[in-house]
Amino acid sequence: MNLNLSHIDAWIFDLDDTLYPREQGVMALVQARINAFMIDAVGLPEPEARVLQKQFLNEHGTTLAGLMANYAIDAETFLREVHDVPLDSLEPSPRMAEALARLPGRRFVLTNGARCHAARVTERIGITGLFDGVFAIEDMDLTPKPAPSTFRRFLEHFAIDPHRAIFFEDTPRNLAPAKALGMTTVLVGDGHGHEIGDWIDARTPDLLSFLEHLSLRDAA
């Protein structure tokens, strides 16, 4: 790794498919719930509802934001229903807990998911007590990443200097506003087939390998 992280004192992590491997399938379960909610909400057959949902993701950042802009839905009901999935496939990770614990500075979760989902996932992995803050979709006033205003709100809330922060995320476009604000950016995974631009400073197949190979000489 060629990154010099000696100046970093704030470590920021997306939640789903970042703090645990995508192969563990949690987001596939959430996506199935979103698909079902979408069909009910818009009254369209599944293929058409799926096309509309992808449009909402591209235009609004989340399905919820698109639904709220175009339909009368209850956000709390949506968040509760789509995140109420079994976490049996999510494996506890003492290695992740150890890797996070050795990082110098503060640690945060920045997720478009719900607070209740973030709490369940971090508890299941075994990393709940390792974060100085969790910023979920409710804290964003339901305005998700990649909205620049959401990043600014997050930074202000926790008094984070973006030039001393690093952000780990599996969705490439969510790293762009972080980079624009001065953060160091790391893409976790393959980018899901989306554009990977020059706003990404480093890439890693998975977060755990990145953290375990991080020399503390590179970090303050």
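The following paragraphs examine the structure supplied in this document. (Residues numbered from 1 in each chain as written. Predicted model: local features only at pLDDT ≥ 70, side-chain atom pairs only at ≥ 80, totals over all residues. Heavy atoms only, no water.)

1. Examining the packing of aromatic side chains
Inference 1: Applying the stated rule across the entire model yields 10 aromatic pairs.
Inference 2: Here Phe37 and Phe78 contribute two aromatic rings whose centre-to-centre distance is 5.0 Å and whose plane-to-plane angle is 85°, an arrangement assigned as edge-to-face. On the criterion of sequence distance, the pair formed by Phe37 in helix 1 (residues 26-42) and Phe78 in helix 4 (residues 75-83) is long-range, its members being 41 residues apart. Like Phe78, Phe37 is buried.
Inference 3: For the ring pair Phe154 and Phe158, a centre distance of 5.5 Å and an interplane angle of 65° mean the geometry is edge-to-face. Taken together, the residues Phe154 and Phe158, both in helix 7 (residues 148-158) and four residues apart, mark about one turn of the helix. Like Phe158, Phe154 is buried.
Inference 4: Put simply, the rings of Phe13, Phe131, Phe168 and Phe210 pair up and form one aromatic cluster. (Phe/Tyr/Trp six-rings, centres within 6.5 Å; stacked < 30°, edge-to-face > 60°. Helix = DSSP H or I, 4+ residues; strand = E, 2+ residues; numbered from the N terminus. Buried < 20%, exposed > 50% of the residue type's maximum accessible area, 1.4 Å probe, protein only.)

2. Description of the pairing of strand 4 (residues 165-169)
Inference 1: Among the five residues of strand 4, five are classified as buried, and the element is accordingly described as predominantly covered.
Inference 2: The alternating pattern of strand 4 places Ala165, Phe167 and Glu169 and Ile166 and Phe168 on opposite faces, both of which are buried.
Inference 3: Across four bridges, the pairing between strand 1 (residues 10-13) and strand 4 is parallel. Pairing of Ala10 across the sheet is with Ala165, part of strand 4.
Inference 4: With helix 8 (residues 172-180) bridging strand 4 and its parallel neighbour strand 5 (residues 184-188), the resulting β-α-β unit is right-handed. (Pairing = 2+ DSSP bridges. Right-handed = clockwise from strand over helix to strand, strands pointing away.)

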